[in-house]
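What follows is the residue order along each chain.
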Amino acid sequence: MITSLLFLSSGLFLGWSLGANNAANFWGTAVGTRMVRFKTAAILCSVFVILGAVIGGAGASSTLGKLGAIDYLAGSFTVAMASAVTAYYMTKAGIPISTSQAIVGAIIGWNIYSGNTTNFGILRKIASTWVTSPILTALTAFLFYKLVQYVINRTKIHMVKLDQYTRYALILVGIFGSYSLGANNIGNVMGVFVQSNPFANLNVLSYLKLDPTQILFLIGGLAIAVGVFTYSKRVMLTIGNDIFKLSPISALVVVLSVSITMFIFASSSLRDLLLSMNLPAIPLVPVSSSQAIVGAVIGISFARKSTDLHFGVLGKIVMGWILTPILSFIIAYISLFFVENVFMQQVF
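Residues numbered from 1 in each chain as written. Predicted model: local features only at pLDDT ≥ 70, side-chain atom pairs only at ≥ 80, totals over all residues. Heavy atoms only, no water.

Undergrad: I tried to follow the overall build of the protein on my own but got confused; where do I start?
TA: Tallying secondary structure elements over the protein gives 14 helices and 2 strands in all. For 348 residues, the compact-globule estimate of 2.2 N^0.38 gives 20 Å, and the protein sits close to it at 20 Å. Counting the 348 residues in the protein, one finds 54% classified as buried. A separation of at least 24 residues holds for 86% of the contacts in the protein among residues at least 6 apart in sequence. For the protein, the exposed area adds up to about 15,200 Å²; of that, 68% sits on carbon and sulfur atoms. The distance from the centre of the 20 positive side-chain charges to the centre of the 7 negative ones in the protein is 13 Å. (Helix = DSSP H or I, 4+ residues; strand = E, 2+ residues; numbered from the N terminus. Rg over C-alpha atoms; globule rule 2.2 N^0.38 Å. Buried < 20%, exposed > 50% of the residue type's maximum accessible area, 1.4 Å probe, protein only. Contact = heavy atoms within 4.5 Å. Areas by Shrake-Rupley, 256 points an atom, 1.4 Å probe, with all protein chains shown as cover. Lys, Arg positive; Asp, Glu negative; His and termini not counted. Charge placed at Lys NZ, Arg CZ, Asp CG, Glu CD.)

Below is the structure:
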C-alpha cells in the first residue's frame, strides 16, 4: 500500500497543478474585481471541487480511459508526472494552459511507448472540444452579457443594490463552476489510475459508501484544493486583468458562461436526457476551464465592442495550448524509458 501511495503522488502533484492553474479561474475574475475576497473564494472553490469530483467525476474520466487504458501503477505514475511537470512549468510562466491537453499528450506518449493503439475516434472527440468549448463559451458570454445589460437598463437598479446582487451572484456561479470543474476535470488528475486502482470499497460511519474510483477522486479533489490555496493568484491576474479588463458584471457573465460549458461536458444526466429525446448526445469529455474562460473573455470584449483586448497576451496563451500536449508527450515518452530501464518498474 505504501508503494501504491507513492505512485499516486504524481496524481496529487497534477491535482495541485490543476488547482493552481485552472480551479481558481472560476473565482479569479471575482477576486480580481474585489467583489469576493481570495480566502472566501479559495474555501468555497475547494469544498465544491471536491464534491463535484466525488459525486460527478466518473463520466468524463471514462473517456480518457478509452484513449489509453494504463494498466500498471508505474505507468500511471509516469503519465501523471509528465502532465504535472508540464502544467507546473506553464503555471510558473503565468500561462493558463489546458490540463486536459497535458494528460492527453502524456497518454499518447504511453500508447506509443507501450505499443498500444491510440483510439483516434476518442482523440478526435477530445481534441474537438479544445476548439468547440472556447467558441461555445464565447457565444454564451456574448448572449448573456447582452441579456444582463438589457435587464439592467430596463429595471434601473440602483448602483448599490446592483453591486450587492452582483457579489451574491458571483459567489453562486463560482460555487456552480467549482462543482462543474471537479466533476469534469478530476478525470485529468486521477483518470489514469482507474485501471490500476489500489483501493477497495470504503464504508464511512456505516452509511456512506465510497467505491475505489470515488476514493481516488476524493484524494485528487483534496490535492486540487491545496493548489487553489497555495499557488493560484498569478494565473488569476493573467485571466482577470492582463487579457481584458473586466467589470464586476462582466466577471459574473464570464464565470457563468464557463460554468455552464464545464457542466454540459460533465453531466451524465444531461446526456441521458438528450438520448431519451432522440437528440445528439454531448460527449462526456474533460475540457479546459482555461480555454473556456479565455473564450468567455473574448465574447465579452466583442459584446462591449471594445478595442482593449490584449492580443499579445492572447497569442502567448494560444502558443501555450499548442506546446502543452507536445511537451507532455515528449516528457512522458522519455520518462517511461527511464522508469522501466533505470528504476526497473513495469509500466505496461
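Here the narrative resumes, following the displayed structure.
Undergrad: Teacher, can you tell me more about the pattern of salt bridges here?
TA: Think of it this way: side chains of opposite charge can pair up when their charged atoms draw near. Evaluated as defined, the whole model comprises 2 salt bridges. Here Arg167 ties to Asp163 by a salt bridge, and the two come within 3.4 Å at their closest N and O atoms. One end of the pair is Arg167 and the other is Asp163, both in helix H8 (residues 159-190) and 4 residues apart, which spans about a single turn. For Asp272, the salt bridge identified is with Arg271, shortest N-O distance 3.5 Å. (Salt bridge = Lys/Arg side-chain N within 4 Å of Asp/Glu carboxyl O.)

Undergrad: Help me understand the environment of Val47 in this model?
TA: Locating Val47 in the fold gives a position in helix H3 (residues 38-56). Overall, the relative accessible area of 42% leaves Val47 in the partly exposed class.

Undergrad: Would you mind going over the packing of helix H13 (residues 289-303) against helix H14 (residues 311-341) with me for this structure?
TA: For any two helices packed against each other, one specifies the inter-axial angle together with the distance between the axes. Viewed as axis vectors pointing N to C, H13 and H14 meet at an angle of 155°, and their least axial separation amounts to 12 Å. Comparing the axis directions of H13 and H14 gives the class roughly antiparallel. Here H13 runs over H14; the crossing is left-handed. Taking contact as the criterion, the partners of Ser290, Gln291, Val294 and Ile298 in H13 are, on H14, Leu314, Ile317 and Trp321. (Axes fitted to C-alpha atoms, helices over the stretch in contact; angles between N-to-C directions. Parallel < 35°, antiparallel > 145°, perpendicular 65-115°, else oblique. Left-handed = near helix turned anticlockwise from the far one by under 90°.)

Undergrad: Could you clarify how one ought to interpret the packing of helix H6 (residues 99-114) against helix H7 (residues 120-155) in this entry?
TA: Running from N to C, H6 and H7 point in directions that differ by 155°, and their axes come no closer than 11 Å. When the axis of H6 is compared with that of H7, the two are roughly antiparallel. H6 and H7 meet at a crossing whose hand is left-handed. For the pair H6 and H7, contact is made by Ser100, Gln101, Val104 and Ile108 and by Leu123, Ile126 and Trp130, respectively. Its residues assigned to classes, the contact of H6 with H7 comprises 5 nonpolar, 2 polar and no charged. (Nonpolar A, V, L, I, M, F, W, Y, C, P; charged D, E, K, R; others polar.)

Undergrad: Honestly, empty space enclosed by the protein in this entry has me stumped. Any pointers?
TA: Think of a ball as big as a water molecule: rolled over the atoms, this probe shows where empty space is left. Scanning all chains against the criterion turns up 1 cavity of 30 Å³ or more. Looking at the largest cavity, its volume works out to about 30 Å³. Residue lining of the largest cavity: Leu64, Gly65, Gly68, Ala69, Ile70, Ile107, Gly191, Val192 and Gln195, and that is the complete set. Considered class by class, the residues forming the lining of the largest cavity number 5 nonpolar, 4 polar and no charged. (1 Å grid on protein atoms, 1.4 Å probe; cavity = no way out; pocket = protein on both sides within 12 Å on 5 of 7 lines; lining within 4 Å. Points joined across faces, edges and corners; volume = space filled by probe spheres on them.)

Undergrad: Which parts of the structure should I look at to understand the side chain of Asn111?
TA: As for its placement among the helices and strands, Asn111 is situated in helix H6. Among the polar contacts listed, one links the side chain of Asn111 to the backbone oxygen of Leu67, at a separation of 3.0 Å. Among all residues touching Asn111, those that are not within four sequence positions of it are Leu67, Gly68, Asn116, Thr117 and Thr118. (Polar contact = N/O pair within 3.5 Å; in protein donor to acceptor, adjacent residues only side chain to side chain.)

Undergrad: Any chance you could explain the layout of surface pockets here in plain terms?
TA: Considering only enclosed or pocket space, the largest pocket measures out at about 160 Å³ in volume. Surrounding the largest pocket, Gly59, Ser62, Thr63, Lys66, Ile122, Lys125, Ser268, Arg271, Ile282, Pro283 and Leu284 form its lining. Residue assignment for the lining of the largest pocket shows that the elements contributing at least two residues are helix H4 (58-67), H7 and helix H12 (268-276). If you tally residues by element for the lining of the largest pocket, the top one is H4, at 4 residues. The class makeup of the residues in the lining of the largest pocket is 4 nonpolar, 4 polar and 3 charged.

Undergrad: What exactly am I supposed to notice about the packing of aromatic side chains here?
TA: The description of an aromatic ring pair uses the distance of the two centres, along with the angle that the planes make with each other. Using the criterion set out here, one finds 8 aromatic pairs in the structure. For the ring pair Trp16 and Tyr231, a centre distance of 5.6 Å and an interplane angle of 45° mean the geometry is tilted. Here Tyr231 lies in helix H9 (residues 212-231) and Trp16 lies in helix H1 (residues 2-23), a separation of 215 residues in the sequence. According to the relative accessible area criterion, Tyr231 is partly exposed, its value standing at 30%. Taking 5.6 Å as the distance between ring centres and 55° as the angle between the ring planes, the aromatic pair formed by Phe176 and Phe263 counts as tilted. Residue Phe176 is found in helix H8, and its partner Phe263 is found in helix H11 (residues 248-264); the two are separated by 87 residues along the sequence. In textbook terms, an aromatic cluster arises when at least three aromatic residues are bridged by ring pairs, as seen for Tyr113, Phe329, Tyr333 and Phe348. (Phe/Tyr/Trp six-rings, centres within 6.5 Å; stacked < 30°, edge-to-face > 60°.)

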